[in-house]
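Tertiary structure, described
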Amino acid sequence: MRQINKVAVLGAGVMGATIAAHLANAGIRTLLLDMVPREPSEAEKATGLTLDDRAVRDRLAASGVEGLKKMKPAPLFLPAYGAAIEVGNFDDDMARLRECDWVVEVVLENMAVKKQLFTEKVVPNLKQGAVLTTNTSGLSVNEMAQCLPESVRRNFLVTHFFNPPRYMRLLEIVPCDDTDPAVTEFMAAFIARRLGKGIVYAKDTPNFIANRIGVYAIANCVRTMLEMGMTVEEVDAVAGPATARPKSAAFRTADLVGIDTLRHVANNSYDLLVNDDEREIFRFPEFIEAMVAKGLLGNKSRQGFFKKSKGEDGANAFFYYDYTTGDYAPSKRPKFASVDGAKQIDDPAKRLQAVITATDKGAEFAWRNLRDTLIYTFKRIPEISDDIVNIDNAMKWGFNWEIGPFEMLDAIGTAYFVDRAEKDGIQVPAGLKEIESFYRFENNRKQYWCVTAKAWRDCPVQPDRIALSILKRANGMVEKNSGASVLDLGDGVFCLEFHTKMNAIGNEILSMVHKAIKRTQEDGIGLVIANEGAMFSAGANLMLLVMAIAEGAYDEIAMTVKGFQKAMMAIKYSPIPVVAAPHNLVMGGGCETCLHSDAITPHAETYMGLVEIGVGLLPAGGGTKEMAIRAIKLAGRFETDVQPFLFKNFMNIAMGKVSMSAAELYDMGFMSPADGISMDLDRRIYDAKQRTIALATTYRPAVPLTDLKAPGRGVAATIKSQLWNMRMGGFISEYDQFLAATIADVITGGDVPGGTLITEEYLLDLEREAFVRLCGQKKTLERVQHMLKKGKPLRN
């Protein structure tokens, strides 16, 4: 059975180093190699080093690894994971390729350079049967394969990572004509499972799928902007979430990628796509060439289509590039009624439809840009892909579109789309006129329209994937209210799914917690808590809290908090095992839901924290109580002082610390060593289900704790003295000191001597009483209102 235990990455530039970092994130030993420098640096010469010293010879690869520490966002889950990367160079260490099961080339995007590296360095040292891949973003894999022996070509393919590799889900796989299909299948499965990538199968065409369509869409934005006399700022107001695309929209995406990089991809398309009927669109206008010449490259140069600078008053000032003057103009933050109206629509398909059918200038731009982009995409079948699923996935995973091009056509309605485009005088492909929709559900299965075969095909389904959206259509739902559902995952495992706005937790979800546990106890063996929303949960519903505070309904607040606590305790002391499967943002009450579960199986990119202090509150859904208990238990297990454990947990709450990866949750005390992390987002719920089944075999329900040794007022006093020092040093405000002291009183067990036996219920009472008191603070109401006005989840 083929295995990959060690990987060599050839090329230690930004892309090569960050690919190596993500391999290290997955626990894969990695060898990172690059060229030997031409000569020692001045600093190396000053220390007496010569070109014979390994420190000099390995400098480029070592610098690549060192650079990982400074990159933002961080390419490593934890800095310590960098230890899995060894460094070397092309002259001294190519023989070590024989240790590696996979060799991935990430050198200069030049065909001659890649071929020379393969023939002179790689092939003579390649381990028999090892997989060799190139990270090219668009060069021909078949042309590259011509320099390889037949035995190597069988194991050769493109594995195109998107930048940054840790965060961008897309990986395009492109086999050459001689690639063994079994190798392609193995690599796709391995990279999905171990590296968490969304696999898209592309063809050997310039820039493959995502860059071909994505760059066209941006190039069309440029052309349409010029035709309509709009600014880059106006375009980005429309070409983002309003039209089911990322917040970076068009020109901020260009700044993020690098305007020079975008131009390079566009030029590559223009040079190679000689038969493309819209080839000219890839030739950018002169003002973009001028920007590159002036070094206005985007984020890497801190100025591109947008820039910000400090004003005389020290505040940030924002500017956009005015292509009519060749200079920057102050931001006007343009607004369109169509875009403003769409902000209240959560469903991206309905949001897109609302904008497209509006009548203002922004809506007209959206229509023209998407009209051209979607027709262009349709015409690329079967050139770049045989099916629409790979194209849709490429744009969702590679360019962060909320829905893919063909899902957009379904959202707009193909009949409406065709009719309006033809009224514009646009030639619509005959095949598009014949299609009613591109996706449907039939016989409990999601199907897509195969354009080439003109027939419906089942969407690919992996046995280790659970899609709640499909399960609900297949009659898998057994309970539902406006905030949550209970679904049958099979094998006696049920799933509690949140589906409120930002999955904020309110009474509907709390009610369904009890129903889900009861249903599972009667008909199953265990419960998973998971959803497929943009985030696991933004926490408690702050809108309800604001209304209650404004009305002075403190008794009602206390009852609501008690109801939240009861739901959390129902999870913790359920007669069946409960496993949470969080992903993305897991704030406040969402975090508390996980803390009370028997186990958690988070996606690798999980950002979790008890952040209530950001609105002047403390965790009162059992979060403060849980962090106190965990510190007390650790101290008891190791028969040592509780203070170090308690202070660490106190700081997590008082600073509103949020994990920057799931791996950080171990050290934060939010995960146990027995908990595992799912690299593949789509496998997360399946992994949680398997963990639930394993726990159910020998599950022993716990009972509420009644013999906890309170850290006591002495420990609280120690914390408060440190808070006073911080206040005197100007590090925190008087209000911050007050909030943190309140948390200290609760987490230490209240005004009792150290060692006093207390109960879990007593800690919940302390939490609830402190929460209600804080609700009476004027600043708390102001902070909550400010957070709601921003319309973003609470996150420090």
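Refer to the structure presented above.
Quick look at the structure, then. (Residues numbered from 1 in each chain as written. Predicted model: local features only at pLDDT ≥ 70, side-chain atom pairs only at ≥ 80, totals over all residues. Heavy atoms only, no water.)

Looking at the layout of surface pockets
Computed from the structure, the second largest pocket encloses a volume of approximately 960 Å³. Forming the walls of the second largest pocket are 36 residues, and the residues nearest its centre are E626, R630, K633, R637 and S672. Those elements that provide at least two residues to the lining of the second largest pocket are helix 25 (589–595), strand 21 (599–600), helix 26 (623–638), helix 27 (643–654), helix 28 (664–668) and helix 29 (684–697). Of all the elements, helix 26 adds the most residues to the lining of the second largest pocket, at eight residues. Here the residues of the lining of the second largest pocket are counted per class, giving 21 nonpolar, five polar and ten charged. (1 Å grid on protein atoms, 1.4 Å probe; cavity = no way out; pocket = protein on both sides within 12 Å on 5 of 7 lines; lining within 4 Å. Points joined across faces, edges and corners; volume = space filled by probe spheres on them. Helix = DSSP H or I, 4+ residues; strand = E, 2+ residues; numbered from the N terminus. Nonpolar A, V, L, I, M, F, W, Y, C, P; charged D, E, K, R; others polar.)

With respect to the nonpolar core
Ranked by size, the top nonpolar core spans 121 residues in total, and within it F305 and F438 carry the most contacts. Looking at this core, the element that brings in the most residues is helix 9 (residues 210–228), giving eleven residues. Once residues lying within four places of it in the same chain are set aside, the contact partners of F305 are V232, F251, A254, D255, I259, F287, I288, M291, F319, Y320, Y321 and Y328. Of all hydrophobic cores here, the second largest spans 89 residues; its members include I549, I576, A654 and M787. (Core = buried A, V, L, I, M, F, W, Y, C linked by side-chain atoms within 4.5 Å. Buried < 20%, exposed > 50% of the residue type's maximum accessible area, 1.4 Å probe, protein only. Contact = heavy atoms within 4.5 Å.)

Remarks on the environment of A530
By secondary structure assignment, the location of A530 is in the loop between strand 18 (526–529) and helix 23 (542–550). Considered as a pair, A530 and D360 are 170 residues apart in the sequence and their alpha carbons are 40 Å apart. Excluding its chain neighbours within four sequence positions, the residues that come into contact with A530 are L468, C495, L496, E497, F498, F536, A581, R684 and I685.

Regarding helix 30 (residues 713–728)
Between its terminal C-alpha atoms helix 30 stretches 22 Å, which fits the 22 Å expected from 16 residues at 1.5 Å a residue. For helix 30, the complete set of buried residues consists of V715, A716, I719 and L723. Summarising the axial view, the buried residues of helix 30 lie within an arc of 100°, below the 170-degree limit, and thus occupy one face. Packed against the buried residues of helix 30 are helix 27 and helix 31 (734–747). In the segment just after helix 30, G730 is the residue with positive phi, at about 80°. (Expected span 1.5 Å × (residues − 1). Arc of directions from axis to C-beta.)

Let's talk about a nonpolar patch on the surface
Together, M543, L544, M547 and L788 make up an exposed nonpolar region whose accessible area comes to about 350 Å². With three residues, helix 23 is the largest single contributor of residues to the nonpolar patch. Take L788: it is sitting in helix 33 (residues 778–790). (Patch = residues over 30% accessible without salt bridge, like charges linked within 9 Å, V, L, I, M, F, W, Y side chains within 5 Å. Areas by Shrake-Rupley, 256 points an atom, 1.4 Å probe, with all protein chains shown as cover. Salt bridge = Lys/Arg side-chain N within 4 Å of Asp/Glu carboxyl O.)

Re the sheet that holds strand 11 (residues 327–330)
Taken in spatial order, the three strands make up an open sheet running 9-10-11, and their pairing is antiparallel. Among the strands making up the open sheet, the edge pair consists of strand 9 (306–310) and strand 11. Ignoring strand direction, the axes of neighbouring strands in this sheet form an average angle of 40°. Across five bridges, strand 9 lies against strand 10 (residues 316–322) in antiparallel orientation. Looking at the pairing, F306 lines up with Y320 of strand 10. (Pairing = 2+ DSSP bridges. Axes fitted to C-alpha atoms, helices over the stretch in contact; angles between N-to-C directions.)

Some words on the packing of helix 30 against helix 31
In the contact formed by helix 30 and helix 31, the axes pass within 10 Å of each other and the chain directions differ by 170°. When the interaxial angle is binned, helix 30 and helix 31 end up roughly antiparallel. Two secondary-structure elements touch here, helix 30 through A716, I719, K720, L723, W724 and R727 and helix 31 through E734, Q737, A740, A741, A744 and D745. (Parallel < 35°, antiparallel > 145°, perpendicular 65-115°, else oblique.)

Considerations on empty space enclosed by the protein
Using the criterion set out here, one finds one cavity of 30 Å³ or more in the structure. Approximately 110 Å³ is the volume attributed to the largest cavity. In this structure, the largest cavity is lined by G214, A217, I218, C221, A239, R245, P246, A249, A250, T253, F399 and W401. The dominant element in the lining of the largest cavity, judged by the number of residues it contributes, is helix 9, at four residues. The residue inventory of the lining of the largest cavity, partitioned by class, reads nine nonpolar, two polar and one charged.

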